[in-house]
Amino acid sequence: MQALATAALAAGAWLGHAVTEAQEPLLTQALNVMLGWGGLDPVFLVTPAAVGGGILLGALLGGTLVYADIHGRGPPALALLALLPFLLSWLSLIDRLPVAPATLHALANYGWLGLPLLCGVPGIWRGNLPAIALGALLLLVQPLTLEGNDVAALLPILGFIFCFLLYIELAYDQLRYERLARIMHHSTEFEAVLNWFGVMLLLTLACTTALTAAAFGFHEVLGEVLPARFRNSIEFNTIYGRALSAMTFFALWAIAQTIFSRQFLARQVE
């Protein structure tokens, strides 16, 4: 379960950048703007090679923290890792760093892109709920851009949603299962409980992914049904129009679900 959660986190980090295509994430643009205010060149660049390097570096550093925590050296390792960027920056400013500036910039870029794994991997393998939540937050903000996204990246969007839900479900469930195992270690019902949670997880992911795909497709259906002045309007063809279409779809879904549930419950009462 922990290995699958780690793989889902890594895949989510990759798909989160695939959703934005050539656009830079909002936080990356903000960091580069802050560097520009200080008279520095942009360091944080998003490319497929940089994303792959960031995932590998984040997993490596996260695994190092897990190893240090197992051997009782977690807090010193975390403190050293937190101070390392400042130490390297200071050595670079005084020209005493034996590493080329381009290499240092690449490592900084990899470290920034690998932050979700740096936080999420220790949370998964050491049962740290705040670290799991921080990794999920850093993963969730990756696809955010100023320009927005559309259905051209539908498959990466669905893949990102699937991996994100799989990560948070498995990481949190692992934490709950460890507590449950202490109580039901000798119980024959333990495997049945785990199997039930596994089936429910797969059903939840399948339903969520299918509903997300249907919500995006509903926008295209509205484009065929509505008059041409709506279909060709600027508002309808922006991300805000697609968001309104998705909200309309889920509102209709909620109404249909309410009507069905009321009829079903009425039959049960009779």
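Trainee: Would you mind showing me how to read the packing of aromatic side chains here?
Mentor: Geometry of an aromatic ring pair is reported as the spacing of the ring centres plus the angle between the planes. Applying the stated rule across the entire model yields 3 aromatic pairs. Summarising the aromatic geometry, the rings of F160 and F164 are spaced 6.3 Å apart at their centres and angled 20 degrees between planes, so their arrangement reads as stacked. Linking F160 with F164, this pair stays in helix α8 (residues 154-184), spanning 4 residues, or about one helical turn. The same class applies to F160 as to F164, namely buried. Ring geometry for F218 against F249: centres 5.7 Å apart, planes inclined by 50 degrees, an arrangement best described as tilted. Here the residue F218 occupies a position in helix α9 (residues 190-225), and F249 occupies one in helix α11 (residues 239-269), the gap between them amounting to 31 residues. This pair shows no difference in class: F218 is buried, exactly as F249 is. Aromatic ring contacts, followed pair by pair, group F218, F249 and F250 into a single cluster.

Trainee: Looking at this structure, how should I read helix α5 (residues 101-113)?
Mentor: Since the α-helix turns once every 3.6 residues, residues separated by three or four places project in the same direction. Over its 13 residues, α5 extends 18 Å from the first C-alpha to the last, a length consistent with the 18 Å expected when each residue adds 1.5 Å. Every buried residue of α5 is listed here: L104, N109 and L113.

Trainee: So what exactly am I meant to see when it comes to the nonpolar core here?
Mentor: It is characteristic of soluble globular proteins that their nonpolar side chains tend to be buried jointly. L9, I55, L117, I124, L139, L166 and Y167 are the most contacted members of the largest nonpolar core, which totals 27 residues. For this core, the secondary structure elements donating two or more residues are α1 (2-20), α3 (48-70), α6 (115-126), α7 (129-140), α8 and α9. Counting residues per element, this core draws most heavily on α8, which supplies 8 residues. When near neighbours in sequence (up to four residues on either side) are disregarded, Y167 contacts A5, A8, L9, G120, I124, A131, I132, G135 and A136. A215, L222, F236 and F249 belong to the second largest nonpolar core, which has 5 residues in total.

How each quantity is defined
Residues numbered from 1 in each chain as written. Predicted model: local features only at pLDDT ≥ 70, side-chain atom pairs only at ≥ 80, totals over all residues. Heavy atoms only, no water. Phe/Tyr/Trp six-rings, centres within 6.5 Å; stacked < 30°, edge-to-face > 60°. Helix = DSSP H or I, 4+ residues; strand = E, 2+ residues; numbered from the N terminus. Buried < 20%, exposed > 50% of the residue type's maximum accessible area, 1.4 Å probe, protein only. Expected span 1.5 Å × (residues − 1). Core = buried A, V, L, I, M, F, W, Y, C linked by side-chain atoms within 4.5 Å. Contact = heavy atoms within 4.5 Å.

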